[in-house]
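Structural characterization, general
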Amino acid sequence: MAIETRTLANAIRALAMDAVEAANSGHPGMPMGMADAATVLWTEYLRHDPADPSWPDRDRFVLSAGHGSMLLYALLHLTGYERPTIDDIKGFRKLGSPCAGHPENFLLDGVEATTGPLGQGLAMAVGMAIAERHLNAEYGDDLVDHRTWVIAGDGCLMEGVNHEASGLAGHLGLGRLNVLWDDNRITIDGATDLSTSEDVEARYAAYGWHVARCDGLDAADVRRAIEEALADPRPSLVACRTIIGFGAPNKQGTAATHGVALGADEVAAARTELGWDYPPFDLPSDLLATWRALGARGKEAHGAWNERLAANDKARDFSRRMAGELPDEFSLDDYIGGLIANPQKVATRKASEMALGAINAQLPETIGGSADLTGSNNTKTKDQSPLTKDDYSGRYIYYGIREFGMAAAMNGMALHGGVIPYGGTFLVFADYARPAIRLSALQQVRVVYVMTHDSIGLGEDGPTHQPIEHLASLRAMPNLAVFRPADVVETAECWELALRRDEGPSLLALTRQNLPQVRTDATNHCARGAYRLRAATAARKVVLIATGSEVEVALGVAEALEGRGIGADVVSMPCWELFDEQDPTYRGDILPGDALLVSIEAGATLGWERYTGRYGLNFGIDRFGASAPAGDLFTHFGFTAEAIVPHIVAALED
Ligand SMILES: Cc1ncc(C[n+]2csc(CCOP(=O)(O)OP(=O)(O)O)c2C)c(N)n1
Ligand SMILES: [Mg+2]
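Below is a short write-up of the structure. These figures come from a predicted structure and were not determined experimentally. (Residues numbered from 1 in each chain as written. Chains lettered and ligands numbered in written order. Predicted model: local features only at pLDDT ≥ 70, side-chain atom pairs only at ≥ 80, totals over all residues. Heavy atoms only, no water.)

1. Regarding the overall build of the protein
Regarding its fold elements, the protein presents 26 helices and 20 strands. Its C-alpha radius of gyration of 27 Å places the protein within 12% of the 26 Å reference for a compact globule of 654 residues. Seen through its C-alpha atoms, the protein measures out along the principal axes to roughly 90 × 55 × 45 Å. Residues counted as buried form 62% of the 654 residues belonging to the protein. Look at the contacts in the protein between residues 6 or more apart in sequence, and 78% of them connect residues 24 or more apart. Put simply, the protein shows about 23700 Å² of open surface, and 50% of that area lies on carbon and sulfur atoms. (Helix = DSSP H or I, 4+ residues; strand = E, 2+ residues; numbered from the N terminus. Rg over C-alpha atoms; globule rule 2.2 N^0.38 Å. Buried < 20%, exposed > 50% of the residue type's maximum accessible area, 1.4 Å probe, protein only. Contact = heavy atoms within 4.5 Å. Areas by Shrake-Rupley, 256 points an atom, 1.4 Å probe, with all protein chains shown as cover.)

Rendered as structure tokens:
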């Protein structure tokens, strides 16, 4: 190679320093420390084609240490991706530039995942590596045969999700996952020995990983360690000993380079130290040409892959799946028609399993799983066999008690493409998965959360297991569709909506207890978010709005009111987000201004005022639950017609 790795790497260092300086904000230390190792990876090992960032068989690269975003922006620019341009980089951290503070998958091709919340990048990479092996098992080496690479920092390895994700990766033997650890022994507060003394390498060895170590500032040594990783069948952790802010002579090796601009003097000193004589954002043409040539390395492999795809009899199906399109013929109409003909009283978790029976038979792309609650979440259908180290073709993952790791892995699987992951736990433990649910929503990926035991209706397990504020808090999250179906039909409809919602995640809140089938027609009313399930017979004075198991309660309340000559509609509202998208006429028809509006939901009342208004009534639970049989709890917390009707009558008389 005419130009040495160190010189190539200095282009990354310069861009990182200069961009952070121009923004007066950002993190120069990590890109400067890892520049050499990243250069080796991206110019010699990473298989990609900057001309086609979505080539399905490309290697995936995840910058788990997302604060070092300039490292990734520099690599994308230098290797020849269309964006970011040098102007994009000059706009680093400014409004309108795709070079956001942390890498965002929806702003730049080549950014495989949104990272910044430490630990989650690595955990998503585990999901990508799972998806790769699974698709490989289905489509063979000709179509799917790539690796997943990660650069992670001390913070990523310290976070709890790291334990969940790495344990799972070791268990599943994901040998095509390789993590380069920026072992610089510095975090924001200072040296890592302020807060940790664990033996990370021993920990990873205990997970069943291969562990290697190298001098991350010595290209030859990085190469040696990567070769070792590639040769080992286990997932690999390559500890790269580096110096944070390498090249900044007065600040390197200290937390001072972590997350602030180096300052004009130090940048000038670094230029001298690195022998980098060029003005800010100026890249010498021979150096850029070398980078671009190295970036084009993957072209040939891509071309050969295109030919294999063209000759493959599964090409159409593979391409459909990678594009995230459901088969044209996919439909739950027959299944739902059967329910209308033959009503069933089942828990909605069971209804979900029944719907999945129809779904999994039609959609080979679904991969189910649960965080050790398979029998409770009803997430596994009979035809699903487990995805294991010995058989990656399985479509069911036993995630173990790793809610956060499961959710992050599902994000990685969805980002990889070709699969639609769904996974279960108790709704109350959505909190354990929440940071990853948030990244599903932010990244706009199709992940379906199957969250059962959705209220005090779970009964005896008591307040630790009974969700209260969860629905409200999940509804507060942008771009998450929260569904709480009322019966077996609505559950199927919500499943279909979740699967067709390819711009973000969905969460199904499902009951433990049986619910009567309240729906008698087969139109997907859930698509509107809320609909009139029962129309008032007497002159309408009241509209009862309920979700899930409380729709049955609302029907009882309506009947009691009608018995007193008070007309009452019952509105089932399985999904706030979809209802809010309806036109004002529809919304006004369902929630008219001339009726008393009443919400009934066995959870926090917070937020229901938006539908019931200042003079409406909200029946909910704004304290923790209790341990008792479900029926007793519904009575105790006032979810009965006897308890609710007098309040409504009193409000009407006011
Ligand atoms: C979950 C989470 N907690 C806290 C932060 C804030 N944060 C950003 S970088 C960082 C320190 C990370 O240290 P390390 O990974 O060693 O990065 P380095 O300083 O070496 O670049 C922290 C605490 C974050 N981004 N995500
Ligand atoms: Mg560090």
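Still more ground to cover, so stick around.
2. Focus: the site of ligand 1
Neighbouring residues of ligand 1: 15 residues in total, closest His67, Gly116, Gly155, Asn184 and His258. Between ligand 1 and Asp154 there is a distance of 3.0 Å, counted from an oxygen atom to a side-chain nitrogen or oxygen. A total of 590 Å² of accessible area belongs to ligand 1 in isolation, and the protein chains cover 74% of it. For the shell around ligand 1, the secondary structure elements donating two or more residues are α6 (154-158) and β4 (186-187). Partitioned by chemical class, the residues of the shell around ligand 1 number 6 nonpolar, 7 polar and 2 charged. (Near = heavy atom within 4 Å. Polar contact = N/O pair within 3.5 Å; in protein donor to acceptor, adjacent residues only side chain to side chain. Nonpolar A, V, L, I, M, F, W, Y, C, P; charged D, E, K, R; others polar.)

3. Let's talk about the nonpolar core
Core analysis: the largest hydrophobic core is formed by 73 residues, its most contacted members being Ile130, Leu174, Leu177, Ile437 and Leu507. Per-element accounting of this core gives the leading share, 11 residues, to helix α5 (residues 120-139). Setting aside anything within four residues of it in sequence, one finds Leu177 in contact with Ala125, Val126, Ala129, Thr148, Val150, Ala169, Trp209, Pro235 and Ser236. With 60 residues, the next largest nonpolar core counts Ala19, Leu72, Ile151 and Cys240 among its residues. (Core = buried A, V, L, I, M, F, W, Y, C linked by side-chain atoms within 4.5 Å.)

4. As for the environment of Ala248
You can see Ala248 is positioned in the loop between β7 (236-241) and α10 (264-274). By relative accessible area, which is 0% here, Ala248 ends up buried. Sequence separation between Ala248 and Arg271 is 23 residues, and the spatial gap between their C-alpha atoms is 8.1 Å.

5. Thoughts on a negative patch on the surface
Among the surface-exposed residues, Glu325, Asp328, Glu329 and Asp502 lie close enough to one another that they form a single negatively charged patch. Among the structural elements, Glu325 can be located in the loop between α13 (315-322) and α14 (333-341). (Patch = residues over 30% accessible without salt bridge, like charges linked within 9 Å, V, L, I, M, F, W, Y side chains within 5 Å. Salt bridge = Lys/Arg side-chain N within 4 Å of Asp/Glu carboxyl O. Lys, Arg positive; Asp, Glu negative; His and termini not counted. Charge placed at Lys NZ, Arg CZ, Asp CG, Glu CD.)

6. A word on empty space enclosed by the protein
Per the counting criterion, the structure on display carries 1 cavity of 30 Å³ or more. When its volume is computed, the largest cavity comes out at roughly 60 Å³. What lines the largest cavity is simply Trp42, Leu46, His48, Pro53, Arg58, Asp59, Phe61, Tyr81, Gly110 and Glu112. (1 Å grid on protein atoms, 1.4 Å probe; cavity = no way out; pocket = protein on both sides within 12 Å on 5 of 7 lines; lining within 4 Å. Points joined across faces, edges and corners; volume = space filled by probe spheres on them.)

7. Quick notes on the coordination of the magnesium ion (ligand 2)
Donor atoms from the polypeptide that bind the magnesium ion (ligand 2) are Asp154 (OD), Asn184 (OD1) and Ile186 (O), placed at 2.1 to 2.2 Å. We note that the donor set of the magnesium ion (ligand 2) lies within a single chain, spaced as D-x29-N-x1-I. In this pair, Asp154 sits in helix α6 while Asn184 sits in the loop between β3 (177-183) and β4, placing the two residues 30 residues apart along the sequence. Comparing Asp154 with Asn184 shows no difference in burial state: the two are buried. (Donors = N, O, S within 2.8 Å, 3.2 Å for Na, K, Ca; no water.)

8. Examining the pairing of strand β9 (residues 366-370)
Counting buried residues in β9 gives 5 out of 5 residues, a clear majority hidden from the surface. Side chains Thr366, Gly368 and Ser370 of β9 all project onto a buried face; the interleaved residues Ile367 and Gly369 project onto the opposite face, where all are buried too. Inspection of the sheet shows β9 paired to strand β11 (residues 420-426) by 3 bridges, in the parallel sense. By the bridge assignment, Thr366 is partnered in β11 with Ile420. As paired elements, β9 and strand β10 (residues 396-398) share 3 bridges and run parallel to each other. In the strand pairing of β10, Gly369 is matched with Ile397. (Pairing = 2+ DSSP bridges.)

9. Observations concerning the environment of Gly563
Structurally, the position occupied by Gly563 is in helix α21 (residues 550-563). Assessed through its relative accessible area of 70%, Gly563 is described here as exposed. Taking the C-alpha atoms as reference points, Gly563 and Gly603, separated by 40 residues in sequence, lie 28 Å from one another.

10. What about the packing of aromatic side chains?
If you walk through the whole model with that rule in mind, you get 18 aromatic pairs. A ring pair is formed by Trp55 and Trp305, whose centres lie 6.4 Å apart and whose planes are at 65°; its orientation type is edge-to-face. One end of the pair, Trp55, is in the loop between α2 (29-45) and β1 (60-63); the other, Trp305, is in helix α12 (residues 299-311), with 250 residues separating them in the sequence. For the pair formed by Trp55 and Trp305, the shared burial category is buried. Pairing Phe426 with Phe429 gives two aromatic rings, centres 6.1 Å apart and planes at 35°, and the pair type is tilted. Put simply, the rings of Trp576, Phe579, Tyr586, Trp608 and Tyr611 pair up and form one aromatic cluster. The ring centre of Tyr586 lies 4.0 Å from the NZ or CZ of Arg528, which sits over that ring. (Phe/Tyr/Trp six-rings, centres within 6.5 Å; stacked < 30°, edge-to-face > 60°. Lys NZ or Arg CZ within 6 Å of the ring centre and 35° of its normal.)

11. Some remarks on the pairing of β11
If a strand is regular, its side chains alternate between the two faces of the sheet. Taken across its 7 residues, β11 has 7 buried, putting it largely inside the fold. This β-α-β element, β11 to helix α18 (residues 430-443) to strand β12 (residues 448-452), shows right-handed connectivity. (Right-handed = clockwise from strand over helix to strand, strands pointing away.)

12. Examining the packing of α2 against helix α3 (residues 69-79)
The N-to-C vectors of α2 and α3 enclose an angle of 40°; their axes lie 10 Å apart at closest approach. Accordingly, the angle class assigned to the pair α2 and α3 is oblique. Every pair of crossing elements has a handedness; the one defined by α2 and α3 is right-handed. Judged by residue contacts, Met30, Pro31, Met34, Ala35, Ala38 and Trp42 of α2 engage Met70, Leu71, Leu72, Leu75, Leu76 and Thr79 from α3. Classifying every residue of the contact of α2 with α3 gives 11 nonpolar, 1 polar and no charged. (Axes fitted to C-alpha atoms, helices over the stretch in contact; angles between N-to-C directions. Parallel < 35°, antiparallel > 145°, perpendicular 65-115°, else oblique. Left-handed = near helix turned anticlockwise from the far one by under 90°.)

13. Details of the sheet that holds strand β20 (residues 617-619)
Strands in a sheet are paired, the pairing made by backbone hydrogen bonds, and the direction either parallel or antiparallel. Strand order across the open sheet formed by 5 strands is β16-β18-β17-β19-β20, with mixed pairing between neighbours. Taken across any chain shown, the strands that pair with only one partner, and hence form the sheet edges, are β16 (531-534) and β20. Geometrically, the sheet is characterised by an average inter-axis angle of 30° between neighbouring strands, direction not taken into account. Bridge count between strand β17 (residues 540-546) and strand β19 (residues 596-600): 5 bridges; the pairing is parallel. Note that in β19 the partner of Val542 across the bridge is Leu596. Sitting on the sheet, helix α26 (residues 641-653) touches β17, β19 and β20, and the angle it makes with β20 is about 170°.

14. Notes on a nonpolar patch on the surface
Among the surface-exposed residues, Phe106, Leu107 and Leu442 lie close enough to one another that they form a single nonpolar patch of about 230 Å² accessible area. Structurally, Leu442 can be placed in helix α18.

15. Looking at the layout of surface pockets
Each pocket or cavity is described by its volume, and for the largest pocket that value is around 740 Å³. Forming the walls of the largest pocket are 32 residues, and the residues nearest its centre are Met322, Ala414, Leu415, His416 and Gly417. Listed by contribution, the elements that provide at least two residues to the lining of the largest pocket are α13 and α17 (403-416). Considering only residue class, the lining of the largest pocket consists of 12 nonpolar, 9 polar and 11 charged.

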